[in-house]
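For reference, the chains in residue letters:
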Amino acid sequence: MARRLTLWRWIVLGLAALYFLVPLGASVIFTVDVPGQGVTFDAYTKILSTDGFLTSLLLSLELAVATIAVVLLLMVPAMVALRLGAPRLRPVVEVVCSLPLVVPPIAFVAGIATVLKWGPEYLSRTPLFETFVVIQDDSFPVVLVLAYVVMALPFVYRALDAGLRAIDVRTLVEAARSCGASWPQALVRAVLPNLRGALLNAAFLTLALVLGEFTVASLLGFRPFAVWIYDVGGSQAQMSVAVSVLSLLVTWALLLALAGAGGRNRTASSRG
Amino acid sequence: MTTALSRVDVAPVASAKRRRRAPGWLAVLPLLVFTAVAFGLPAVAILDGAFTAKDATTGATSYTGANMTASLQGPYLTALLGSVKLSAISAALGALIGLPLAQAVVSSRSRWLREAVLTASGVLANFGGVPLAFAFVATLGNAGVLTVHLGLKDSGWDLYSFWGLVLVYLYFLIPLMVLTITPALDGLRSQWREAALNNGATGVQYWRHVALPVLAPSLLGGLVLLFGSAFAAYATAAAMVGSAVPLVTLQIADALSGNVLVGQENVALALSLDMVLVAGLVMAVYLPLQRRSARWLDA
Amino acid sequence: MTHMTATLPETLEKAATVEFRGLRREFGTTVALDGLDLTVRPGEFLALLGPSGCGKTTALRMLAGFEHPDSGAVLVDGEDVTHVPAHRRDAGMVFQSYSLFPHLNAVDNVAFGLRMRKVRTAQRRARAAELLELVGLGDKGERYPHQLSGGQQQRIALARALALRPRVLLLDEPLSALDAKVRLTLREEIRRLQQELGITTLFVTHDQEEALSVADRVAVMRAGRLEQCAEPAELYGRPATAFVAEFVGTMSRIPGELTDGTVQVLGQRLPADGEVPDGAVDVLVRPEAVRVHPDEQGSARLVATAFLGAVVRATVRLADGTEVKADLPAHEATGLGAGTAVGVSLPERPVLVSERIQK
């Protein structure tokens, strides 16, 4: 009976490994074994020099950093405050942070596009119009940061909530205060260090979301990394697959680094 | 000395009462204002746009149910149903395959295997969108490595089809199921199994009468989560099939970018509202299930 | 296998004998059971007592069929059940905690085994209701486990263990997750039920007070072996080994000199029990056997006193630094403060000696 169980387990694991590894392996073969050219590593060596690679990757990274900064600045004080002084707001925040789950990215971007059109239609004579232009600047589209922060809220909420559940914020703050720390000092010196894992986790989930996000950016006409891969795919199939494989490996490395840094409890972010 | 002490004792209590309330509200306020603008405005735009029509000649807008009606007719309805069918089938398969996989990992006592599978699932569940589509195109597309080497083309294989999409979606749905169901499987206590055996149940009876009923809320919850995830997916489908398979996300994108007909933006918004309603329904099922499962498994 | 009789409580026609024969079990490098031999008499309430890791739970789980011995055998009424799978053993078990099925209410939990045996719904619900009545929870049948207190959950687990009329009842530290007060009442109730049903019962515990207060006999285990199996009074009064003496009740060690079966201790010469070579030994004494009286010339000093109700437990430091516990009647202890010079003596009775332990 024990042997039958082991056999069953290995069959299941073996089939799963096959399904998940074959596309990766095949992708690598696809990129190096080009019909008519034999084995070549052009797809990888040419990535850096290809038009738009660096600019789109940099744009994605900038967007990611900005999104992480904004979402943490908004969420951390709010979540800590919920534990300390405003427990009655808790359901409100929970609902607010879950709502983006109900609005798929494609629907969300449809709404955003409509709002952006209000600019030229109704506000062209007001100073608000300037704002609308600025947030749609091609070199750094702030509107994407706004959208990504909203899309990251559910995951960041869950990561921070799990982290805060594990520590007694009130006692920590009171202990720090009774040792003479001011409110900001208590937060920075006593609470945040204990939330390190949760903060890293939240940051990783947000990073993965922004780097892979396609829907919102492409429909609003911007060109961060995922949109660039898509565009390249039309003309240079090998290279687009090579970049896809690399992006997976980079995510993998990041997640392993995060696991090493003590983070747990990953959940899926949305895929655009 | 004594006065200094008593002041230290008393002062923080009084000031804490005054001060604690203010930061509480103040710290949550930016979040609420932000979401009201960045999420609230688009949400209002969807609602408003879904129910308004703009007269092309006069520019006047009026409220109407025509967009919603249109979004539930003809090709739009086909796309909506197509999305529901694709999501339901992929989610069911993902759950059916993810459960035994998670059980295989949990029941093996190897920490190494467990860590490896969970980490891999964490990555793969996030590995959606364009890169995933391209990896499968390279593998099973018309010029894909397997298609060419195994001669799949002759046997009628087509990645750019409904079942092709299901195969690709499973690539992130199965890991998502593994991540969702593993904590529930960990929560199955060994005492339950032993108590069942002690009461004369066989291994099969244990699964049928104890394990599966206890897991049911988590399983359903996972199923619903997978459905929502597949339902909302756009990039993978867009990069793979273009419009070969009718999906509501593709329809919205087409209508928004004016690919098909100009002036369909409001129908896109109506379709978006349809999606929100379906997703909302999904969450309404998911949350109570999640709560019940937590009550059973974390006692 | 199930005979449905309408009335409860009923006594079994014949209670079972349980025998462990030379049980041995290793987990990796640790030896859980190292040749355990033990016989439980029909209808007996036997407690398996010992520190954690002594193998008592492993022995119990072997009887339930959850563990299998590397060698040796488990017999019920002379029949070898070592290789009978767990679901066909005739032994009801109560687990430490959280063993109720969370998706079933109390009635369905109790009726679970009957459902596995395809007993009709009405019949099994009636039987479950009777059992719930028996454990005093007749009104809680519709409650789910998370709506019940820890003590109530364990009562239902007990009812479930009895539902199939097992020949043996196994209790695996069923009280250890409960708070002190519930623990007391529930253990008395388990005892009452056991006596009413006359069912052979094995009760695993690491709490010596619990074992002594409910069991007919107590088997003390250590490192996978049986140290002593005896009635509570004998175990307490005449422990067979130093380990039993110190594990059961409070025991102080006083240095003494053993010669020719008598021991020189505290200025007295007393007959000695225990197989120890002559020379320096420790004399093992219970607090109630130690007498303490104020004595200006005494070389011992009272260190601390703790009020325990009828008695006061005094800690006395002897001239050589040894600390001895002594129970004094509360009225004698008045006026004895810390630091008082006292004299210490033992009654003229045989004392248990063991090898000297250097402290």
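The name that an unreviewed UniProt entry assigns to chain A is Spermidine/putrescine ABC transporter permease, with the source organism given as Streptomyces filipinensis. According to UniProt, the comment filed for chain A under the heading Sequence similarities (unreviewed entry) is "Belongs to the binding-protein-dependent transport system permease family."

1. Section: the overall build of chain A
When its secondary structure is counted, chain A shows 13 helices and two strands. Dimensions of chain A along its principal axes, counting C-alpha atoms only, are 75 × 75 × 30 Å. The long-range fraction of contacts in chain A, counting pairs at least 24 apart against all pairs at least 6 apart in sequence, stands at 75%.

2. A word on the overall build of chain C
A count of helices and strands for chain C gives ten helices and 20 strands. Along the first, second and third principal axes, the C-alpha set of chain C runs to 80 × 45 × 35 Å. Counting over 359 residues, chain C shows a buried share of 43%. Considering only residue pairs separated by 6 or more positions, chain C has 66% of its internal contacts joining residues 24 or more positions apart.

3. Quick word on the domain arrangement of chain C
Entries for chain C in the domain assignment read domain 1 (18-242) and domain 2 (251-355). A straight line from the C-alpha centre of domain 1 of chain C to that of domain 2 of chain C covers 39 Å.

4. A word on the nonpolar core
Membership of the largest hydrophobic core comes to 284 residues, with the highest contact counts inside it found for L63(C) and L202(C). Looking at this core element by element, the count peaks at 16 residues for helix α7 (residues 142-166) of chain A. With near-sequence residues (within four places) excluded, L63(C) lies in contact with V18(C), V74(C), A91(C), V168(C), L170(C) and L202(C).

5. Considerations on the interface of chain A and chain B
The interface of chain A with chain B comprises 72 residues on the first partner and 70 residues on the second. Of the residues assigned to the side of chain A that touches chain B, the class counts are 53 nonpolar, 15 polar and four charged.

6. Considering helix α12 (residues 225-235) of chain A
Residues that lie three or four places apart on an α-helix share one face, since the helix turns once every 3.6 residues. Taking burial as the measure, the eleven residues of α12(A) include eight buried ones, the bulk of the element. Restricting attention to buried positions, one finds in α12(A) the residues F225(A), A226(A), V227(A), W228(A), I229(A), Y230(A), V232(A) and G233(A).

7. Remarks on helix α1 (residues 56-64) of chain C
Residue and element names in this part refer to chain C. A large share of α1 lies buried, amounting to nine of its nine residues. Among the residues making up α1, those that are buried are K56, T57, T58, A59, L60, R61, M62, L63 and A64. Just downstream of α1 lies G65, where phi reads positive at about 95°.

8. Focus: the sheet that holds strand β15 (residues 291-294) of chain C
Residues and elements named next belong to chain C. What the five strands build is an open sheet, ordered β15-β19-β16-β17-β18; its pairing is antiparallel. A single partner strand is all that each edge strand has here, and the edge strands are β15 and β18 (323-329). Averaged over all adjacent pairs, the angle separating strand axes in this sheet is 45°, with direction ignored. Judged from the four bridges that link them, β15 and strand β19 (residues 341-345) form a sheet pairing that is antiparallel. Bridge pairing in β19 links V292 to V344.

9. A short note on the interface of chain B and chain C
Chain B puts 18 residues into the contact, and the matching count from chain C is 19 residues. Residue contributions to the side of chain B that touches chain C peak at six residues, all from helix α8 (residues 190-198) of chain B. Of the residues contributing to the side of chain B that touches chain C, the split by class is nine nonpolar, six polar and three charged.

What counts as what
- Residues numbered from 1 in each chain as written.
- Chains lettered and ligands numbered in written order.
- Predicted model: local features only at pLDDT ≥ 70, side-chain atom pairs only at ≥ 80, totals over all residues.
- UniProt positions renumbered as here; feature names shortened; annotations may be inferred.
- Helix = DSSP H or I, 4+ residues; strand = E, 2+ residues; numbered from the N terminus.
- Contact = placed C-beta atoms within 7 Å.
- Buried ≥ 20, exposed ≤ 12 C-beta atoms within 10 Å, placed from the backbone.
- Domains from an automatic or database assignment.
- Core = buried A, V, L, I, M, F, W, Y, C linked by C-beta atoms within 7 Å.
- Nonpolar A, V, L, I, M, F, W, Y, C, P; charged D, E, K, R; others polar.
- Pairing = 2+ DSSP bridges.
- Axes fitted to C-alpha atoms, helices over the stretch in contact; angles between N-to-C directions.

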